[in-house]
Amino acid sequence: MDKNKSIEALQFFVTNLNAQSFQHKLQAKIFGSLGFKKLEKKYLEHAEEEKGFVDQFIDRLLDLGGELKQEAVEAQTLYKDPVEFLKADYKVSVEGIELLRKCIDGIKDDLTTFDMMKEYLKDEEEDMYWSEEQLGLIECIGAKPWLIKTAL
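Overview of the structure.

Cut-off values and rules
Residues numbered from 1 in each chain as written. Predicted model: local features only at pLDDT ≥ 70, side-chain atom pairs only at ≥ 80, totals over all residues. Heavy atoms only, no water. Helix = DSSP H or I, 4+ residues; strand = E, 2+ residues; numbered from the N terminus. Contact = heavy atoms within 4.5 Å. Areas by Shrake-Rupley, 256 points an atom, 1.4 Å probe, with all protein chains shown as cover. Expected span 1.5 Å × (residues − 1). Buried < 20%, exposed > 50% of the residue type's maximum accessible area, 1.4 Å probe, protein only. 1 Å grid on protein atoms, 1.4 Å probe; cavity = no way out; pocket = protein on both sides within 12 Å on 5 of 7 lines; lining within 4 Å. Points joined across faces, edges and corners; volume = space filled by probe spheres on them. Nonpolar A, V, L, I, M, F, W, Y, C, P; charged D, E, K, R; others polar. Axes fitted to C-alpha atoms, helices over the stretch in contact; angles between N-to-C directions. Parallel < 35°, antiparallel > 145°, perpendicular 65-115°, else oblique.

## A short note on the overall build of the protein chain
Counting its regular elements, the protein chain contains 5 helices and 0 strands. The N-to-C order of helical and strand elements in the protein chain reads α-α-α-α-α. Principal-axis analysis of the C-alpha atoms places the extent of the protein chain at approximately 50 × 25 × 20 Å. Expressed as a percentage of contacts within the protein chain between residues at least 6 apart in sequence, the contacts between residues at least 24 apart total 80%. Accessible surface computed for the protein chain: about 8800 Å², of which carbon and sulfur atoms make up 54%.

In structure tokens form, the structure reads like this:
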């Protein structure tokens, strides 16, 4: 087992998933302030779920003897338009899942980290499918009816 590969992968996801979790929390608050209460709840829950994965990845990184780092990340755009955010978030999910699959392939010999990353992949795929479904609804019924649905 190449511990360094696992440590590097875990640190990458700790940094980036932590930033993504914070973005989801901020987006939730923005949506809530605009009256989109269902979206607020959805993204607050999503942010907490991501924080749970961050905590697991931190624990594993430390178990492997890695040094935890707080790394800088690029600033992320915040959206007032839920539809625009959904499109952008979907794109991030698709790209992130591809990266995660490559990462998982590189750490197959570290079964504990491999299993953790597989669980995270499963969660990310579920989120991507939800976003796909919502974008399909928007295409089918239009943005305004979808927005009304997310406000109640």
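There's plenty left to go through after this.
## Concerning helix α3 (residues 82-106)
End to end, α3 covers 35 Å across 25 residues, agreeing with the expected 36 Å (1.5 Å per residue, within 8%). Of the residues making up α3, those classed as buried are Pro82, Val83, Phe85, Leu86, Asp89, Ser93, Ile97, Leu100, Cys103 and Ile104. Buried residues in α3 make contact with α1 (3-33), α2 (37-63), α4 (111-141) and α5 (143-151).

## Regarding the layout of surface pockets
In this structure, the largest pocket spans a volume of roughly 590 Å³. As for the largest pocket, its lining consists of 25 residues, and the residues nearest its centre are Asn16, Gln20, Gln76, Val92 and Glu95. When contributions to the lining of the largest pocket are tallied by element, the ones reaching two or more residues are α1, α3 and α4. Considering every element that reaches the lining of the largest pocket, the biggest residue donor is α3, with 10 residues. Class assignment for the residues of the lining of the largest pocket results in 14 nonpolar, 7 polar and 4 charged. For the second largest pocket, the calculated volume is near 210 Å³.

## Focus: empty space enclosed by the protein
Enumeration according to the criterion identifies 1 cavity of 30 Å³ or more in this entry. Quantified by volume, the largest cavity comes out at close to 50 Å³. Lys42, Tyr43, His46, Asp89, Ser93, Asp127, Trp130 and Ser131 together form the lining of the largest cavity. Contributions of two or more residues to the lining of the largest cavity are made by α2, α3 and α4.

## Here's the deal with the packing of α2 against α5
In the contact formed by α2 and α5, the axes pass within 5 Å of each other and the chain directions differ by 70 degrees. In terms of their interaxial angle, α2 and α5 are classed as roughly perpendicular. Contacts from Lys37, Lys38 and Leu39 of α2 reach α5 at Trp146, Lys149, Thr150 and Ala151.

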